[in-house]
Amino acid sequence: IELLEVEVDGEKEVVRMPAIHLTRRLDIYWNYSLNQGNHNISIRWTNPVEGAKVECHEAVLMNKSK
């Protein structure tokens, strides 16, 4: 199981990314309670395995409408 450390504005969370197709997780992270504005986000793979890779193809940003 790949472990990713997601940090948003200094708050860290460890995310488990199993590779088995029956239990795999497709979304690395989501947070619907962030306030609008600028945020610092980083993702770090904490237990890399030779020959494996973790890819991030896109980020979806949502805006709360009034």
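Structural data are supplied above this passage.
**Student:** Can you tell me about the nonpolar core, naming the residues and giving the values?
**Tutor:** Counting residues in each nonpolar core, the largest one holds 6 residues, listed as Leu4, Val6, Val8, Val15, Met17 and Ile28. Top element by residues in this core is strand β1 (residues 2-8). It accounts for 3 residues.

**Student:** Account for the pattern of salt bridges, naming residues and giving values.
**Tutor:** With the rule as written, the count across this model stands at 3 salt bridges. Arginine 44 serves as the salt-bridge partner of glutamate 5, at 3.5 Å between the closest nitrogen and oxygen. Of this pair, glutamate 5 sits in strand β1 while arginine 44 sits in strand β3 (residues 41-45), placing them 39 residues apart in sequence. Glutamate 5 sits in the buried class, given a relative accessible area of 16%. Among the residues examined, arginine 44 registers a relative accessible area of 46% and is labelled partly exposed. Here lysine 53 and glutamate 55 are joined by a salt bridge, their closest N and O atoms 3.0 Å apart. Judged by relative accessible area, which is 43%, glutamate 55 ranks as partly exposed. The network of salt bridges with shared partners includes Glu5, Lys12 and Arg44.

**Student:** Break down the layout of surface pockets for me, with residues and values.
**Tutor:** Its boundaries defined by the atoms lining it, the largest pocket holds a volume of some 1300 Å³. Of all the elements in the fold, those that place two or more residues in the lining of the largest pocket are β1 and β3. Looking at which element gives the most residues to the lining of the largest pocket, the answer is β1, with 3 residues. Tallied by class, residues from the lining of the largest pocket come to 20 nonpolar, 8 polar and 8 charged.

**Student:** Please provide a residue-by-residue account of the sheet that holds β3, values included.
**Tutor:** With respect to topology, 3 strands assemble into an open sheet ordered β2-β1-β3, the strand pairing being antiparallel. The open sheet has two edge strands with one neighbour each: β2 (11-17) and β3. Neighbour to neighbour, the strand axes of the sheet diverge by 20° on average, direction disregarded. Pairing geometry for β1 and β3, over 5 bridges, is antiparallel.

Rules used throughout
Residues numbered from 1 in each chain as written. Predicted model: local features only at pLDDT ≥ 70, side-chain atom pairs only at ≥ 80, totals over all residues. Heavy atoms only, no water. Core = buried A, V, L, I, M, F, W, Y, C linked by side-chain atoms within 4.5 Å. Buried < 20%, exposed > 50% of the residue type's maximum accessible area, 1.4 Å probe, protein only. Helix = DSSP H or I, 4+ residues; strand = E, 2+ residues; numbered from the N terminus. Salt bridge = Lys/Arg side-chain N within 4 Å of Asp/Glu carboxyl O. 1 Å grid on protein atoms, 1.4 Å probe; cavity = no way out; pocket = protein on both sides within 12 Å on 5 of 7 lines; lining within 4 Å. Points joined across faces, edges and corners; volume = space filled by probe spheres on them. Nonpolar A, V, L, I, M, F, W, Y, C, P; charged D, E, K, R; others polar. Pairing = 2+ DSSP bridges. Axes fitted to C-alpha atoms, helices over the stretch in contact; angles between N-to-C directions.

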